[in-house]
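# Notes for the structure review
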Amino acid sequence: MDDRRETVRLLEPDGTTVPGAQLPPPDRLLDGYRGLVHARRLNEQAGALVRQGRLAVYPSSRGQEACQVAAAMVLGDDDWLFPTYRDTAAIVARGVDPVEVLTMLRGDRHCGYDVAGHRVAPQATPLATQLLHAVGVAHAARLKGEPDAVLALCGDGATSEGDFHEALNFAAVFRAPVVFLVQNNKYAISVPLHRQSAAADLADKAVGYGMPGVRVDGNDLPALLTVLDDAVSVARSGGGPTLVEADTYRMEAHTNADDAGRYRDESEVASWAGRDPLVRLRARLRADGLLDDDAERALTDDAERMAAALRAGIAAECPVDPEDLFAHVYAHPTPQLREQRAQLRAELEVTP
Ligand SMILES: Cc1ncc(C[n+]2csc(CCOP(=O)(O)OP(=O)(O)O)c2C)c(N)n1
């Protein structure tokens, strides 16, 4: 189809500014670049931890780091982030300790971070379920007169789920303060986008729900910040939800359990390597004299320290309380759960 909507882009893949584009201020770009360096190092380190048998699995966001970092940067402390299994880097960019985030993938706990404290929901593995939860939280904030906004992430595959439809429909009807960011990375495991949706663009789906839809270059951090800043402020000021489709690419396999070579060409991967989000922003910052070798080295060293702390934290023993099995489900446990917990406690006292 040729009736494609415009894709918002501020930086060309080689880092030159699109004529007439207004970039975010330098300190915000530098903050964002630091986030990208950290996110890439995090992806590399987590992948290595899987190969060492320290993590069960890791869905990498390599290539999608600009979406990850922008999603965190546009939110204020009181806003909420609703991530998926692929969005570890976004959670870390929001300030959660990487060791706590990856505790789940180590298999020790359901969710290793303080959800309410960080205002980051647990990472959702069932596709699109988090979108409904996000809309619920956003709607509740609006009913309570609180100014919080919610940003919910999902992939292109998740847009085929019924939950996606229900979440967007409810959000639009009730003008919930929520932004849906679809990271269109072109594959749902092995299923390519054209087998997933017949829509020309995923952002077009917004029309049917009665909300604005925006398509943005998902490897262009300045463009993402601009589009998402706008969408979050519209949500916060009572203007309702926005659907943002980020045009990006999953550079690695779906997870370590997947062989992407069975369903996509190396040439396709190589062409996306030429649109790398880090390389693009680095080129702009360098050309503007905002980043030199020393500053770059300081950022890399900082990311190395994060990776070293992650290795140490994941290698350490994780104290697990068996009674946690009964926690986090009911605010007031049922009589059956109380009884089972007492049985377990008694058993552990005999055979610790
Ligand atoms: C409800 C549901 N159905 C199926 C799956 C199995 N599954 C896990 S990941 C995945 C692909 C998701 O693709 P997409 O939404 O594009 O996200 P991506 O993994 O590319 O980030 C599928 C089908 C699941 N997790 N949940």
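On a predicted model such as this, the values are computed, not experimentally measured, just so you know.

Conventions and cut-offs
Residues numbered from 1 in each chain as written. Predicted model: local features only at pLDDT ≥ 70, side-chain atom pairs only at ≥ 80, totals over all residues. Heavy atoms only, no water. pLDDT = per-residue confidence, 0-100. Helix = DSSP H or I, 4+ residues; strand = E, 2+ residues; numbered from the N terminus. Disulfide = S-S within 2.5 Å. Polar contact = N/O pair within 3.5 Å; in protein donor to acceptor, adjacent residues only side chain to side chain. Expected span 1.5 Å × (residues − 1). Contact = heavy atoms within 4.5 Å. Axes fitted to C-alpha atoms, helices over the stretch in contact; angles between N-to-C directions. Parallel < 35°, antiparallel > 145°, perpendicular 65-115°, else oblique. Left-handed = near helix turned anticlockwise from the far one by under 90°. Nonpolar A, V, L, I, M, F, W, Y, C, P; charged D, E, K, R; others polar.

Before going further, it helps to spend a moment on the confidence of the model for the protein. Of all residues in the protein, 99% have pLDDT values of 70 or greater, and the mean over the chain is 96. Per-element mean pLDDT across the protein ranges from 93 in helix α4 (residues 98–106) up to 99 in strand β4 (residues 178–184).

On to the state of the cysteines, then. Taken as a whole and assessed by the stated rule, the structure comprises 0 disulfides. The thiol sulfur of C67 is not disulfide-bonded, and the nearest other cysteine sulfur, from C154, lies at 11 Å.

Within the secondary structure, H254 sits in the loop between β8 (242–247) and α10 (266–273). At 2.9 Å, the side chain of H254 and the side chain of R86 are in polar contact.

In this section: helix α12 (residues 293–315). With 23 residues, α12 extends 33 Å between its outermost C-alpha atoms, agreeing within 8% with the 33 Å of an ideal straight helix rising 1.5 Å per residue. Packing partners of the buried residues in α12 comprise α1 (26–51), α4 and α11 (277–287). For α12, the N-terminal cap is D292; the gap from its side-chain oxygen to the backbone nitrogen of D294 is 3.3 Å.

Turning our eyes to something else, we now look at the packing of helix α6 (residues 129–143) against helix α7 (residues 162–173). Contact geometry of α6 with α7 gives a least axis separation of 7 Å together with a crossing angle of 15 degrees. Considering the angle they form, α6 stands roughly parallel to α7. The crossing of α6 and α7 is left-handed. In contact with T129, L131, L132, V135 and H139 of α6, α7 contributes D163, F164, E166, A167, F170 and A171. Residues belonging to the contact of α6 with α7 are distributed by class as follows: 7 nonpolar, 2 polar and 2 charged.

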